[in-house]
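Structure at a glance
The chain contents come next:
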Amino acid sequence: MTVRTRFAPSPTGFLHIGGVRTALFNYLFARRNGGEFILRIEDTDRARSTEESIDAIMDGLQWLGLDHDGEPIYQSKRFDIYKEHAEKLIEKGLAYRCWCTPDELQERREAALKAGRAPRYDKRCKAITDGPDKPYAVRFKVPEGKTTFNDLIKGSISIEHEEIEDLVILRSDGTTTYNLCVVVDDATQGITHIIRGDDHINNTPKQILLYRALGYPVPEFAHLPMILGSDKSRLSKRHGATSVTAYRDMGYLPEAVINYLARLGWSCGDQEIFSIAELVEKFTLESVGKSAGVFNPEKLIWLNHHYIKEANIEELKPLFLKHLKELGIDATADERVSTIMQTGQEKAQTMVMMATDALFYFTDTVTYDEKAKKKFLTPEKLTPITMLTERLEALEAFTLEAVEQAFNSVLDECELKLGKLAQPVRVALTGTKISPGIFETITAMGKERTIKRLNNAIATMKETTEKENI
RNA sequence: GUCCCCAUCGUCUAGUCUGGCCAAGGACACCGCCCUUUCACGGCGGCGACCGGGGUUCAAAUCCCCGUGGGGACGCCA
């Protein structure tokens with residue numbers, strides 16, 4: 001039998017980190033086993049489902065490369081099928097009508113909870129054969145006994161049926177509820193392995209009962225542990241960005257996000273770095289851990305940094321340009337971009353940082369950090385900097401080697417250590433004490449701007465000297 | 001309140017099924033040193049955990065029981 005898994009989000013908000021991991025594990029399991037991975041939009045809650053959420057889900061999955069097989073399936077288009085199944089259960093005598101109103105039920109639940117009893121439906125309508133001429137819901141008759149299933153991640157799980165209430169399968173407005181819809185979908189869509197968050201463990205026995213009542217084979221279940229925030233509570237907005245697309249905006253690479261999420265709950269010996277191909281090759285449900293994991297932004301950063309360092313500059317270029325644009329710089333036509341990116345590549349933890357750190361290359365003027373200026377743009381540096389400027393200006397090919405040679409010749413003649421000249425030049429070019437290697441920075445800056453900035457620094461130094469003399 | 005699930009460094013985890021190779025390994029973070037033209041990168045080193053208590057056994061992180069702690073579920077939401 002071909003393996004078939006699904007990711008079944010409800011489009012009631014953005015695609016969050018937890019959802020992405022569920023999607024990833026479904027994807028990996030399907031691909032690993034040469035099966036299919038389908039996307040099902042569970043939009044039966046018409047009040048809360050939105051078009052934007054659907055777009056956000058698709059957008060996020062596409063960004064991460066978690067491509068699904070076939071067209072997405074919308075539950076909202078399958079109401080008739082669900083209803084047929086509900087009617088079948090009524091016909092078979094496996095369900096009954098219930099005239100209790102949601103308000104009444106809510107009241108009873110609260111009362112039960114207050115009294116320390118289980119807030120469970122008391123089956124009072126089960127015996128009623130012909131009730132009032134009012135709208136009614138339909139409940140599934142949960143039989144006596146207990147259900148045990150073997151979860152592929154958690155192992156054997158069993159629940160006594162007394163713990164399960166007779167759940168509503170058909171609302172009084174004629175629509176079917178979640179548990180019936182999923183079962184009907186998973187059964188009719190040939191889903192063989194249901195991989196989802198472990199917050200669904202409690203739904204599983206109900207669903208197994210429905211599969212049996214409907215005469216469908218029961219699929220395999222694998223419940224993934226939850227992802228927790230740093231305070232060990234369920235991951236939410238309080239813990240910072242939880243929408244995947246927010247990570248894209250912050251300059252994270254999809255490879256990093258995938259790698260991080262895969263290793264949150266799954267492992268393969270001591271290995272930390274995995275390409276998606278490698279994950280597909282090595283993924284098994286057996287090596288998924290059972291306990292919940294805390295989302296650790298630092299490790300994600302580390303991975304992102306790793307993937308930026310490994311990346312091919314040209315492939316990163318559009319992203320870099322995009323983030324630069326966000327910062328107000330359009331460098332599309334600037335031929336220095338690749339070289340500039342190289343200078344920032346090993347330091348940048350995110351693409352946003354790479355863009356931010358490169359900002360100084362593109363500005364028209366340099367604003368000096370006062371401390372840096374005072375410490376490094378000092379009178380005694382006037383001579384070497386002037387010499388350097390002249391020599392750089394004389395260069396025909398402004399290559400790294402040529403720049404380095406010119407720089408070193410000045411050092412030799414002035415009997416200066418590299419650092420003594422590098423820092424003032426750095427301040428002249430960037431305005432700050434921090435930048436990539438000085439030769440790389442000069443080369444990437446380009447001849448024209450380098451000369452301009454050096455001259456500017458010379459002028460500033462002269463100004464300062466004059467002031468001091470007065 | 002009831003039920004379900006879980007429990008190794010601060011965090012992600014290896015080891016648990018098949019007890020001895022574990023005076024518990026790796027990674028992130030943190031600290032120190034080295035490299036060095038600044039910030040980083042990198043290299044080396046350090047700090048740091050088997051939740052508690054019983055039991056089984058020659059031997060327990062590993063098996064069993066009881067606590068405790070954390071998470072989840074108890075909707076005419078999904």
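The present account deals with the structure reproduced in this document.

How each quantity is defined
Residues numbered from 1 in each chain as written. Chains lettered and ligands numbered in written order. Predicted model: local features only at pLDDT ≥ 70, side-chain atom pairs only at ≥ 80, totals over all residues. Heavy atoms only, no water. Core = buried A, V, L, I, M, F, W, Y, C linked by side-chain atoms within 4.5 Å. Buried < 20%, exposed > 50% of the residue type's maximum accessible area, 1.4 Å probe, protein only. Helix = DSSP H or I, 4+ residues; strand = E, 2+ residues; numbered from the N terminus. Contact = heavy atoms within 4.5 Å. Pairing = 2+ DSSP bridges. Axes fitted to C-alpha atoms, helices over the stretch in contact; angles between N-to-C directions. Parallel < 35°, antiparallel > 145°, perpendicular 65-115°, else oblique. Nonpolar A, V, L, I, M, F, W, Y, C, P; charged D, E, K, R; others polar. Patch = residues over 30% accessible without salt bridge, like charges linked within 9 Å, V, L, I, M, F, W, Y side chains within 5 Å. Areas by Shrake-Rupley, 256 points an atom, 1.4 Å probe, with all protein chains shown as cover. Salt bridge = Lys/Arg side-chain N within 4 Å of Asp/Glu carboxyl O. Lys, Arg positive; Asp, Glu negative; His and termini not counted. Charge placed at Lys NZ, Arg CZ, Asp CG, Glu CD. Near = heavy atom within 4 Å. Polar contact = N/O pair within 3.5 Å; in protein donor to acceptor, adjacent residues only side chain to side chain. Expected span 1.5 Å × (residues − 1). Phe/Tyr/Trp six-rings, centres within 6.5 Å; stacked < 30°, edge-to-face > 60°. Lys NZ or Arg CZ within 6 Å of the ring centre and 35° of its normal.

Within the largest apolar cluster, 102 residues are counted, with the highest numbers of intra-cluster contacts made by Val257, Phe295, Phe320, Leu392, Phe407, Val425 and Ile442. The biggest single contributor to this core is helix α1 (residues 17–32), with nine residues. Non-local contacts of Leu392, meaning those with residues more than four positions away in its chain, are made with Phe398, Val403, Ala406, Ile442, Lys447, Thr450, Ile451 and Leu454. Ranked by size, the runner-up nonpolar core spans 30 residues in total, among them Phe79, Ala95, Phe140 and Phe149.

Another aspect to go through is the sheet that holds strand β2 (residues 36–41). Pairing in this open sheet of three strands is parallel, and the strands run β1-β2-β3 from one edge to the other. Taken across any chain shown, the strands that pair with only one partner, and hence form the sheet edges, are β1 (4–7) and β3 (73–74). With four bridges joining them, β1 and β2 adopt parallel strand pairing. Counterpart to Arg6 in the pairing with β2 is Ile38.

A word on the sheet that holds strand β5 (residues 137–140). With respect to topology, three strands assemble into an open sheet ordered β4-β5-β8, the strand pairing being antiparallel. Because the sheet does not close on itself, it has two edges, and the strands there are β4 (95–98) and β8 (168–170). In this sheet, adjacent strand axes meet at a mean angle of 45 degrees when their direction is disregarded. Bridging between β4 and β5 involves four bridges; their strand directions are antiparallel. The residue of β5 that forms the bridge with Arg97 is Val138.

Turning next to the packing of helix α3 (residues 79–91) against helix α6 (residues 204–214). Orientation of α3 relative to α6, taken along the N-to-C sense of each, is 75 degrees, at an axis distance of 10 Å. The angle between α3 and α6 falls in the class roughly perpendicular. Side by side, α3 and α6 meet where His85, Lys88 and Leu89 of the first sit next to Leu210, Ala213 and Leu214 of the second. Residues belonging to the contact of α3 with α6 are distributed by class as follows: four nonpolar, one polar and one charged.

Let us look at a positive patch on the surface. Taken together, the side chains of Lys371, Lys375, Lys420 and Lys433 make up a positively charged region of the molecular surface. By secondary structure assignment, the location of Lys420 is in helix α17 (residues 418–430).

What surrounds RNA strand B is a group of 66 residues, the closest being Cys100, Arg171, Gly265, Arg426 and Ser435. In RNA strand B, atoms within 4 Å of the protein come 71% from sugar and phosphate. Side-chain polar atom of Ser10 to a sugar or linking oxygen of RNA strand B: 3.2 Å apart, as the coordinates give it. With respect to RNA strand B, the side chain of Asn203 contributes an N or O atom lying 3.5 Å from a base nitrogen. Of all the secondary-structure elements, those providing two or more residues to the surface near RNA strand B are α4 (102–114), β5, β7 (155–160), β12 (293–294), α10 (297–310), α17 and α18 (438–445).

You will see that Lys232, though not glycine, has its phi angle at about 70 degrees, which is positive. Note that Lys232 resides in the loop between β11 (227–228) and α7 (244–249). Owing to a relative accessible area of 61%, Lys232 belongs among the exposed residues under this scheme. Positive phi outside glycine occurs at Glu415, with the angle close to 50 degrees.

All right, on to α4 then. Across its 13 residues, α4 extends 18 Å between first and last C-alpha, which sits within 8% of the 18 Å expected from 1.5 Å per residue. Positive phi appears at Gly116, one or two residues downstream of α4, with a value of about 80 degrees.

Let's shift gears to the packing of aromatic side chains. Following the criterion strictly, the structure yields eleven aromatic pairs and no others. Ring centres of Tyr247 and Tyr252 lie 5.2 Å apart, and the angle between their planes is 75 degrees; this geometry places the pair in the edge-to-face category. Between the NZ or CZ atom of Arg21 and the centre of the ring of Phe25, over which it lies, the distance is 5.4 Å. If you follow Arg97 out to its NZ or CZ, it ends over the ring of Tyr136, 5.1 Å from the centre.

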